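Chain residues, written in single-letter form:
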Amino acid sequence: MDWLTIGVFVFVYAGMILGGVPGLALDRTGVALTGAIALLAAGRLAPREAWDAVDVSTIALLFALMVVSAQLRLGGFYTAVTRRLAAVRVGPVALLGLVVAVAGALSAVLANDIVCLAMAPILAQGGIRRGLNPVPLLLGLACAANVGSAATLIGNPQNMLIGQVLGLDFGAYLLAAGPPALLGLGATWGLIALLYRGRWTTNLPEPEVEAPNFGAWQSAKGLAVLAALVAVFLWGGLGREVAALLAAGLLLLSRRMASRTTLALVDWQLLVLFIGLFVVNHAVAAGGVLSHLLGALRALGLDVTAPGQLYAATAALSNLVSNVPAVMLLLPVVQPLPDPTQAGTLLALSSTLAGNLIVVGSIANIIVIDQAARLGIRISWTEHARTGLPVTLATLAIAWALAG
C-alpha cells in the first residue's frame, strides 16, 4: 500500500469537502493542483504519465463550450432575455414558472454556471422593480439551472466528463435524461411556488446592475454557432470536442470582440481543478487504492456498481465533495462495466440533481447566492435548504422512476 498516495488522496478530498485548507488561502482548485504537484515531486507519477492521465477531450470540450457561452454573454443575449422575462406582465407564480422554464432550457445547451452568473443580478433587479421578493425567483433560477443541465451531455461540467469518458451517445442520453429533467423542472416550479405562497412582496430598494448591452449581430452569431454545434452533436460527423473547438475558433474570429475579452470569461479555475483531479485520481487507481476501497465496501455489503447503490452513493458523495470530484471518483467504477450506458446516465442525473440539496452541492448555487449578496439580498444556507431539500428529493425520485 502506497501511504504517500493515500495521504495525498485524503488531503485532496478533505479539501473538496471543506472547500479549501483551514489556515491557508487555498480553495478547491488550489488543493487539487497542489495534490497533483506533490505526486509529481514525490516521483509517484512521471510528468508524461501525469499528462496522459488528463482527459484532453473533456478539457477541450469544456473550454470550447465556455467560449460559446462567453460570446452570448458579451453579446448581451442573457441580458436581453432576462430583462424581457422580468418585465412580462403576469403574476408572481407564473413569472416563477417562466424563470424555471427559461433557465432550464438555456442550461441544457449552455454552461449552467454562466447562465446563473449572467441572469441572477438582472432577474433580482427586475423582480424588485415590480415589488416582488427576489429570493424565490433566484432560488428558482439556481434549481432550474441544475435540473435543466441534467438533460444533456453539455449542460454542466460533470455531464461533459461522463459523456466523453464513457463515449455516451448525445441523442440517446437526451432521450433518457430529457423526460426526467422536464418533469423535474415542473416539480421545481410547483414546490417553490408552494413554499413561498404569501411571501411574494418586498420593499427592497432597486439595485443598480451593470450588464453588457444587447448586440443583435453578436448574439445571433453565437446562437447560430450553438445551433449548428448541437446539430453536429445529435447527428455526428465530428467528435464532440473537435466540433466544439471549431465553433469556438469561429467565434474568436471577430473584428469587434477581442479574443482577450472573450477568453477572460473562461473559467480557468474549473479547468485547472479538472486537471489536478485527473492526475490525483489516476495515481490512486494505478496504486491500487481504489480497488482496496471498493473491496472494503463490498465486504460491508455495499456494491456501488449496482444501479440503486450507485445512484444513492453519487447523490451523497456529490454533496460531500461536490459533484465534479464525486463523478471523477466514481467514473473508474463505472468504466469497466459491460454496458456503462445506464450507469453513466444514472451517474449524470444523480450528481446533477443532488446539487440542489445544499449551497455547496453546485457551483450554480454558490454563484446565485454570491450575486444576490452583492446586491444586498441575503439567502442563508437554511433558506436555501428549505427549497433545496424537497426539490432534490422530488427530482431524484422522478429521475429514478424514469431512468433507474
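The preceding data block contains the structure.
In this report, the structure presented in the accompanying data block is examined. (Residues numbered from 1 in each chain as written. Predicted model: local features only at pLDDT ≥ 70, side-chain atom pairs only at ≥ 80, totals over all residues. Heavy atoms only, no water.)

### Considerations on helix H5 (residues 77-87)
Moving on, step 1. Phe77, Tyr78, Thr79, Ala80, Thr82, Leu85 and Ala86 are the residues of H5 that are buried.
Moving on, step 2. Buried residues belonging to H5 abut helix H4 (56-74), helix H6 (92-109), helix H7 (112-129) and helix H11 (216-235). (Buried < 20%, exposed > 50% of the residue type's maximum accessible area, 1.4 Å probe, protein only. Helix = DSSP H or I, 4+ residues; strand = E, 2+ residues; numbered from the N terminus. Contact = heavy atoms within 4.5 Å.)

### Brief notes about the packing of aromatic side chains
Moving on, step 1. Enumeration according to the criterion identifies 6 aromatic pairs in this entry.
Moving on, step 2. Each ring, one from Tyr311 and one from Trp400, has its centre 5.2 Å from the other, and the planes form 35 degrees; the classification is tilted. Of this pair, Tyr311 sits in helix H16 (residues 307-321) while Trp400 sits in helix H20 (residues 381-403), and the two are 89 residues apart along the sequence.
Moving on, step 3. The ring of Tyr196 carries the charged tip of Arg199 above its face, separated from the ring centre by 4.3 Å. (Phe/Tyr/Trp six-rings, centres within 6.5 Å; stacked < 30°, edge-to-face > 60°. Lys NZ or Arg CZ within 6 Å of the ring centre and 35° of its normal.)

### Overview of the pattern of salt bridges
Side chains that differ in sign of charge can pair as their charged atoms come close.
Moving on, step 1. Enumeration over the complete set of coordinates arrives at 4 salt bridges.
Moving on, step 2. In this structure, Arg129 engages Glu206 in a salt bridge whose closest nitrogen and oxygen atoms are separated by 2.8 Å. Remark: Glu206 occurs in the loop between helix H10 (170-195) and H11 and Arg129 occurs in helix H7; sequence separation between them is 77 residues.
Moving on, step 3. Judged by relative accessible area, which is 41%, Glu206 ranks as partly exposed.
Moving on, step 4. For the salt bridge of Arg386 with Glu383, the shortest nitrogen-to-oxygen distance reads 3.6 Å. With a gap of 3 residues between them, Arg386 and Glu383 both fall in helix H20, about one helical turn apart. (Salt bridge = Lys/Arg side-chain N within 4 Å of Asp/Glu carboxyl O.)

### Things to note about the layout of surface pockets
Moving on, step 1. The calculated volume of the largest pocket comes to roughly 690 Å³.
Moving on, step 2. In this structure, the largest pocket is lined by 34 residues; those nearest its centre are Asp113, Asp267, Leu270, Ile363 and Ile367.
Moving on, step 3. Of all the elements in the fold, those that place two or more residues in the lining of the largest pocket are helix H2 (28-41), H4, H7, helix H9 (157-166), helix H14 (268-286), helix H17 (323-334) and helix H19 (363-374).
Moving on, step 4. The dominant element in the lining of the largest pocket, judged by the number of residues it contributes, is H19, at 6 residues.
Moving on, step 5. Residues that form the lining of the largest pocket fall into these classes: 17 nonpolar, 10 polar and 7 charged. (1 Å grid on protein atoms, 1.4 Å probe; cavity = no way out; pocket = protein on both sides within 12 Å on 5 of 7 lines; lining within 4 Å. Points joined across faces, edges and corners; volume = space filled by probe spheres on them. Nonpolar A, V, L, I, M, F, W, Y, C, P; charged D, E, K, R; others polar.)

### Describing the nonpolar core
Moving on, step 1. In this structure, Tyr13, Met16, Tyr78, Leu138, Leu141 and Phe274 are the most contacted members of the largest nonpolar core, which totals 121 residues.
Moving on, step 2. The contacts of Tyr13, once residues within four sequence positions are left out, are Leu277, Asn281, Val321, Pro325, Met328 and Leu329. (Core = buried A, V, L, I, M, F, W, Y, C linked by side-chain atoms within 4.5 Å.)

### Brief notes about the packing of H16 against H17
Moving on, step 1. Put simply, H16 and H17 touch, their axes get as near as 7 Å, and they point 145 degrees apart. The interaxial crossing formed by H16 with H17 has right-handed handedness. Taking contact as the criterion, the partners of Leu310, Thr314, Leu317, Ser318 and Val321 in H16 are, on H17, Asn323, Pro325, Ala326, Leu329, Leu330 and Val334.
Moving on, step 2. Here the contact of H16 with H17 is composed, by residue class, of 8 nonpolar, 3 polar and no charged. (Axes fitted to C-alpha atoms, helices over the stretch in contact; angles between N-to-C directions. Left-handed = near helix turned anticlockwise from the far one by under 90°.)

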